[in-house]
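Results of the structural survey
Okay, here's what each chain looks like letter by letter:
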Amino acid sequence: MEDILIILNEFGGGMGGEPGNVAVRFLLPTVFWSVLLLVGGREWFRKRNDRDLFICCAAILGGYRELLMFVAEFGSWRGHLSFLNIYPFYPPLEHAANLVAGLFIGYAFLSALPERRHVAGLFVGAAIMSTTVLYLITALTWPPFLESHPGTSFGSFWGDYAFRSAGSIFLGMMLVFFFRANSASDRVPLAAVAGIMFFFLDESLMLWSLSAGEHYLELVAPVRHNLHIWAIPLFLLAYRSEVNRQLTAEILQRDLAEQGVRQRERYLKGLAEMNRLLLTHAGFRQIYEGILRILGEISGASRVYLFENHNDGDRLLTSQRGEWCTQGVSSQIDNPHLQNMVFERSPLSRWLPLLEQGELITGNVASLPPEERELHESQQIRSILVLPIMVNSRLFGFLGFDQCDRERQWQEFEINLLQSAMLTLSQHIEQQQAMEEVAQQRLQLRTFLDNLPGYAFLKDTEGRYLLANRDYCRELGRSEGAIIGRTDDDLFPPEVAERYRSDDRAVLSTGREFAIEEVPGQEAEGRKVLSTRKVPLRDQYGMIVGIVGLCIDITDRKKAEQEIQSLNAELEERVQQRTEELQQANEELEAFCYTVSHDLRGPLTGIRGFSQLLLDDAAPGHHRPDPAADRRPARALPRLPVGVAEGDRRPHRHCPDPCRRTAAGEPGPPRHLPHPGRRQRLRRREPVAGRPDQSHQQCLEIHLQETRGRDPLLYPQAQGRDGLLRAG
């Protein structure tokens, strides 16, 4: 035991005062703190970590305390400094610096533990604040105490007890944090635990020595001093081991990152090859095998397959369309159970709603539901990854990756890259479907345009032809390829091209339909007439992007219209001529009707009037007329036409009534004959008895004067007055 104490005393653990002991006791810890500061500073500048910053602060405070003690002890021994002038100031300062250095270095190791960092930070903050307050109080009270008690040591002052007690409490609680962290599997280096333990024992032993009146100072001092000295290399060892561990982890992480980078490069290279394959082939189904091979090689999967959905009436079916297998893995492409599966009734029914929502399915087969596990175990699958293929926001199918040799957890970046591959495939399928639809619509449009009864074309806003139907190409005598991309200046004479451009500008500027009938040129069989209609072509935003033109050959229609006009003119001329002929015939017929009406009405009127006069003059005394004879004239008259017998009272412009006269003595207004073209004969069946009076005689004379010289067939007995009298 004595030998150990001698060694400790010689190696800087003595009571102090001797130059050799002072140099070892204070300079050796200074070297240790300096090395710790260099290591911590390098790491802090490299990573800017909080732990490294606290290590640097602890090293600065610890080195400052050691240098302060060395200057005070060695300078006073050499006579460069007055010990009495320094001693009132540095004891509180070196105790506070030593305690704060221990708190900093303890928190530096606890800050690396995220779960302990918050509580440890609060504790260390409170401890440093307490230490600072204690230092201020001690620094203010120690000089007066030393002045009132000359030659006394700091160990006799209450401040030393306070610092040793605070150090024992704070460092003891730091040890509690360390032990709890290690018991909770949070790794704190054992060397750091030992270093804090040495600091704690240093403070505790000094507190025990003060309590014992420093009777055991010769025994306690060497142990305390060596505990303090060798605690610093333990901190350096713990910190260096942590740095090395972190460096190893960083190297491993860097290796993993490099491996991940290489794997990503492999994925990216495979995706580039996949894109090239998609771009060089029009149909996506023809390159399923190539796509699956690329994805299988870059992912390292045992089997890669693709299922495509299709409908059978109202049922959703799914079938395997492609597969790639690594060497030694059985193929399932010919498995009949994987063709035309009714999705909702298959063992994979759980997948349908998940895949329709765009979610992936991954995991080990052992964790899958029983029906799925049975299906996959029959194919020797241990892990799966299934990605949906969405086309136009609908589930087109899914892509599966099987791992048959081991259970595998797919990394996030792998899933992301494979999902981007699926997105590329989905976009290619959408593009192909859209191109097929556009091709179908273009074929329908071409069929429609080629069968239009006229010329149809499409231009852009610059006047370049984009489309022309078959008749338009035939009219220009060029193929469609020789028309597309050209303008009117390339196809027509300058004056015609300028007229066409003017029409196009009118459509583009106004945005309205333009229609005109035009004569484009002189043809071999005559002048051709076209009905041209141009309308603006708009995009989905309503912007004019071109012109649609439709020209219909209306030459035959124009010729037919001209022929119809000529026939109409000829017909109007013939109608006018015929109308004139009919008008002349009507005039002749009217004249004839006048003659017949006048010549027939006159005798009848006279006869009827004369008969009435005879009946009126028959006196009752002469003889009674036979009633039957009285009715004979009445029966004879109805045999004549109604208009002649009764007298048509409708006026006629050519047939005046001879028995009706105006005041001037002219014949009365004419009457119509019911049958102006028919000749009538009057016969008297019975002689009329009676004798006319003077008035009757006058009436008869007037009538004979008017009918003299008329047709003897109508008036066979009207040969003059005597004849009439004889007839009467």
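Here is a short report on the structure shown in this document. Source: prediction; values computed, not measured.

Comments concerning the layout of surface pockets
- Of the volumes computed, that of the second largest pocket is approximately 700 Å³.
- Considering the residues around the second largest pocket, the lining is formed by 33 residues, among which Arg-25, Met-69, Arg-164, Met-206 and His-225 are closest to the centre.
- Looking at the lining of the second largest pocket, the elements with two or more residues in it are α2 (19–47), α3 (50–78), α5 (90–110), α7 (158–183), α8 (190–211) and α9 (217–280).
- Of the residues contributing to the lining of the second largest pocket, the split by class is 14 nonpolar, eight polar and 11 charged.

Comments concerning the pattern of salt bridges
- Overall, the coordinates contain 32 salt bridges when judged by the stated rule.
- Of the charged contacts, one joins Glu-43 and Arg-46 as a salt bridge, the two residues approaching to 2.7 Å between their closest N and O atoms. Highlighted residues: Glu-43 and Arg-46, both in helix α2, separated by three residues, approximately one helical turn.
- Glu-43 sits in the buried class, given a relative accessible area of 2%.
- Glu-43 serves as the salt-bridge partner of Lys-47, at 3.7 Å between the closest nitrogen and oxygen. Placement of both Lys-47 and Glu-43 in helix α2 is noted, with a separation of four residues, approximately one turn of the helix.

Description of the pairing of strand β2 (residues 315–325)
- With 10 bridges connecting them, strand β1 (residues 303–312) and β2 associate as antiparallel partners. Within β2, the residue paired with Tyr-305 across the bridge is Glu-323.
- Connecting the antiparallel pair β1 and β2 is a turn made up of two residues, with Gly-313 showing a positive phi of about 75 degrees.
- Bridge count for β2 against strand β3 (residues 341–342) is two bridges, and the pairing is antiparallel. Looking at the pairing, Leu-317 lines up with Val-342 of β3.

Some points on the sheet that holds β1
- Spatial strand order, β3-β2-β1-β6-β5-β4: six strands in an open sheet with antiparallel pairing. This sheet does not close on itself; its edge strands, each paired only once, are β3 and β4 (361–364).

As for the side chain of Arg-25
- By the element assignment, Arg-25 lies in helix α2.
- Arg-25 gets classed as buried once you look at its relative accessible area, which sits at 15%.
- Here the side chain of Arg-25 touches His-225 through a polar contact of 3.0 Å, side chain to side chain.

Here we look at empty space enclosed by the protein
- Applying the stated rule across the entire model yields two cavities of 30 Å³ or more.
- As a volume, the largest cavity reaches approximately 120 Å³.
- If you go around the largest cavity, you meet 14 residues; those closest to its centre are Tyr-305, Phe-307, Leu-338, Leu-348 and Gln-379.
- At the level of elements, β1, β2, α12 (370–377) and β6 (394–403) are the ones that each hand at least two residues to the lining of the largest cavity.
- Here the residues of the lining of the largest cavity sort into eight nonpolar, four polar and two charged.

Observations regarding the packing of aromatic side chains
- Per the stated rule, a full pass over the model turns up 26 aromatic pairs.
- The interplanar angle of 80 degrees and the centroid separation of 6.3 Å between the aromatic rings of Tyr-267 and Phe-413 together place this pair among those described as edge-to-face. Of this pair, Tyr-267 sits in helix α9 while Phe-413 is found in helix α13 (residues 412–450), placing the two residues 146 residues apart along the sequence.
- Residue classification places Phe-413 among the buried residues on the basis of a relative accessible area of 11%.

Comments concerning the side chain of Asn-98
- Structurally, Asn-98 is set in helix α5.
- Taking relative accessible area as the criterion, Asn-98 reaches 9% and is therefore assigned buried.
- Ignoring anything within four residues of it in the chain, the contact list for Asn-98 reads Arg-65, Glu-203 and His-228.

Things to note about helix α10 (residues 288–299)
- Compared with an ideal rise of 1.5 Å per residue, which puts 12 residues at 16 Å, α10 spans 16 Å between its outermost C-alpha atoms and is within 8% of the ideal.
- For α10, the tally of buried residues reaches nine of 12 residues, placing the bulk of the element in the interior.
- For α10, the complete set of buried residues consists of Tyr-288, Gly-290, Ile-291, Leu-292, Ile-294, Leu-295, Gly-296, Ile-298 and Ser-299.
- Gly-300 occupies a position one or two residues after α10 and carries a positive phi of about 75 degrees.

A short note on the packing of α8 against α9
- One way to put it is that α8 packs onto α9 with a least axis distance of 8 Å and a crossing angle of 160 degrees. Between α8 and α9, the interaxial angle falls into the category roughly antiparallel. As α8 packs across α9, the resulting crossing turns out to be left-handed.
- Broken down by class, the residue content of the contact of α8 with α9 amounts to 20 nonpolar, three polar and two charged.

About the thresholds
Residues numbered from 1 in each chain as written. Predicted model: local features only at pLDDT ≥ 70, side-chain atom pairs only at ≥ 80, totals over all residues. Heavy atoms only, no water. 1 Å grid on protein atoms, 1.4 Å probe; cavity = no way out; pocket = protein on both sides within 12 Å on 5 of 7 lines; lining within 4 Å. Points joined across faces, edges and corners; volume = space filled by probe spheres on them. Helix = DSSP H or I, 4+ residues; strand = E, 2+ residues; numbered from the N terminus. Nonpolar A, V, L, I, M, F, W, Y, C, P; charged D, E, K, R; others polar. Salt bridge = Lys/Arg side-chain N within 4 Å of Asp/Glu carboxyl O. Buried < 20%, exposed > 50% of the residue type's maximum accessible area, 1.4 Å probe, protein only. Pairing = 2+ DSSP bridges. Polar contact = N/O pair within 3.5 Å; in protein donor to acceptor, adjacent residues only side chain to side chain. Phe/Tyr/Trp six-rings, centres within 6.5 Å; stacked < 30°, edge-to-face > 60°. Contact = heavy atoms within 4.5 Å. Expected span 1.5 Å × (residues − 1). Axes fitted to C-alpha atoms, helices over the stretch in contact; angles between N-to-C directions. Parallel < 35°, antiparallel > 145°, perpendicular 65-115°, else oblique. Left-handed = near helix turned anticlockwise from the far one by under 90°.

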